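Observations on the three-dimensional arrangement
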Amino acid sequence: MDFGLSEEQKLIVETTRAFVENELYPHEREVERTGVLRRELIEEIKAKAIEAGLYAANMPTEVGGAGLNTVTWLLYEKELGRANYALHWTCVARPSNILLAGTPEQREKYLYPCIRGEKWDCLAMTEPGAGSDLRGMKATAVQDGDDWVLNGTKHFISHADLADFAIVFMASGEEESSRGKRKKITAFFVDKGTKGFTVRDGYRNVSHRGYTNAILEFDECRLPGAQVLGEVHKGFDVANSWLGATRLQVGATCLGRAERALGHAVEYAAQRQQFGQQIGKFQGVSFKLADMATELKAADLMVFEAGWKYDQGTVTDQDMAMAKLKATEMLAFVADEAIQIHGGMGLMDDLPLERIWRDARVERIWEGTSEIQRHIISRALLRPFGG
């Protein structure tokens, strides 16, 4: 593994960081205080992101994306992660890779408009009674001739209020397994405005202000068979094939936020005077900085090693679980310590630290809780021994 960056990677890092600092940072306070990301602001930043070549950069070149390998994509995500999540995820959108699993007709209708910035997508898996246990979903899709009829509720669906369509996973039957019956899952494209499909406001969230969630309701929502994504009853296969690196994306954005928090802490420790000297000279502060930097370095290495292995085709679920677990828990530690070093000022909204601290909390929950990551890791360790 080569730890050095290529000239292209350095350019992408520099370009993305400059964009974040010049185009996103200035709007953070507005979004944080109002909890609203104005549509006109989205369009303004989106146009600049498209011009800069940063929009849909996760996509392959053959469909109009930047064609970044995984390591370079994670470097890009790390830089975007420095900013308010709503600003970078919505205005510098990265359409879901699962759109690549669509048929040529589905790509024309859904993928390409998302890459051009004409449409937004959202993913709908989670339900009130099915979070970590997705096989426990109760929302159903029943075949009726050539059509499918969808019923049930999804919640915690990110930016579904903005999305033009949802990629929805529904229980579509049952099959026998070594542990008894389990549900088959099928994925569907559902356009906003489809009869029987309603998007309702979700919940107020302490993390990621401006980045909304919604509740999706399906009441006898009828879809033609052409709206199935992938194969019938193979929804999990589609998800596992195309969504694998999302945990690394979470880890990379956590790295960016942790770097920003550490930077503020170091600067403050070097400038703040107490008892006649810089507070950074006191071990109670300097050792915190050392621990923060060490934890950040360890997480950085784990995330990018997993990214490198992803490009080599050798990454395992354990690698990605370890990277996600370490990066998300590291961010919580670094954000908390950065606030402690700043004292009362760390909790004021003049600085981004209280936001980073709040935002860090959700990272240990979505895209697989820390407990799920530990389950994946421990299962991989015990499996050779029959565990």
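The name given to the protein chain in an unreviewed UniProt entry is Acyl-CoA dehydrogenase, and the organism recorded there is Mesorhizobium delmotii. For the protein chain, the Sequence similarities (unreviewed entry) comment in UniProt is given as "Belongs to the acyl-CoA dehydrogenase family." As stated in UniProt under Cofactor (unreviewed entry), the record for the protein chain gives "FAD".

1. A short note on the layout of surface pockets
Approximately 580 Å³ is the volume attributed to the second largest pocket. Around the second largest pocket, the lining is made up of 28 residues, and of these Gly35, Val36, Gly210, Tyr211 and Thr212 lie nearest the centre. Those elements that provide at least two residues to the lining of the second largest pocket are helix H2 (28-34), helix H3 (39-52), strand S6 (197-201) and strand S7 (213-224). Looking at the lining of the second largest pocket, the element that brings in the most residues is H2, giving 3 residues. Class assignment of the residues belonging to the lining of the second largest pocket gives a composition of 8 nonpolar, 11 polar and 9 charged. The two domains that each donate at least three residues to the lining of the second largest pocket are domain 1 (7-94) and domain 2 (121-233).

2. Concerning the packing of helix H10 (residues 317-342) against helix H12 (residues 370-382)
Where H10 contacts H12, the two axes come as close as 9 Å, and the packing angle between them is 145°. H10 and H12 meet at a crossing whose hand is left-handed. Together, Asp317, Gln318, Ala321, Met322, Lys324, Leu325, Thr328 and Glu329 of H10 and Ser370, Gln373, Arg374, Ile376, Ile377, Ala380 and Leu381 of H12 make up the contact between the two elements. Among the residues forming the contact of H10 with H12, the class breakdown is 7 nonpolar, 4 polar and 4 charged.

3. With respect to empty space enclosed by the protein
Across all of its chains, the model carries 1 cavity of 30 Å³ or more by this definition. In this structure, the largest cavity encloses a volume near 40 Å³. Contributing to the lining of the largest cavity are Cys122, Ala160, Ala163, Asp164, Phe165, Ala166, Lys192, Phe197, Val199 and Leu216. Elements represented by at least two residues in the lining of the largest cavity include exactly strand S4 (165-177) and S6. Residues of the lining of the largest cavity, tallied by class, amount to 8 nonpolar, no polar and 2 charged.

About the criteria used
- Residues numbered from 1 in each chain as written.
- Predicted model: local features only at pLDDT ≥ 70, side-chain atom pairs only at ≥ 80, totals over all residues.
- Heavy atoms only, no water.
- UniProt positions renumbered as here; feature names shortened; annotations may be inferred.
- 1 Å grid on protein atoms, 1.4 Å probe; cavity = no way out; pocket = protein on both sides within 12 Å on 5 of 7 lines; lining within 4 Å.
- Points joined across faces, edges and corners; volume = space filled by probe spheres on them.
- Helix = DSSP H or I, 4+ residues; strand = E, 2+ residues; numbered from the N terminus.
- Nonpolar A, V, L, I, M, F, W, Y, C, P; charged D, E, K, R; others polar.
- Domains from an automatic or database assignment.
- Axes fitted to C-alpha atoms, helices over the stretch in contact; angles between N-to-C directions.
- Left-handed = near helix turned anticlockwise from the far one by under 90°.
- Contact = heavy atoms within 4.5 Å.

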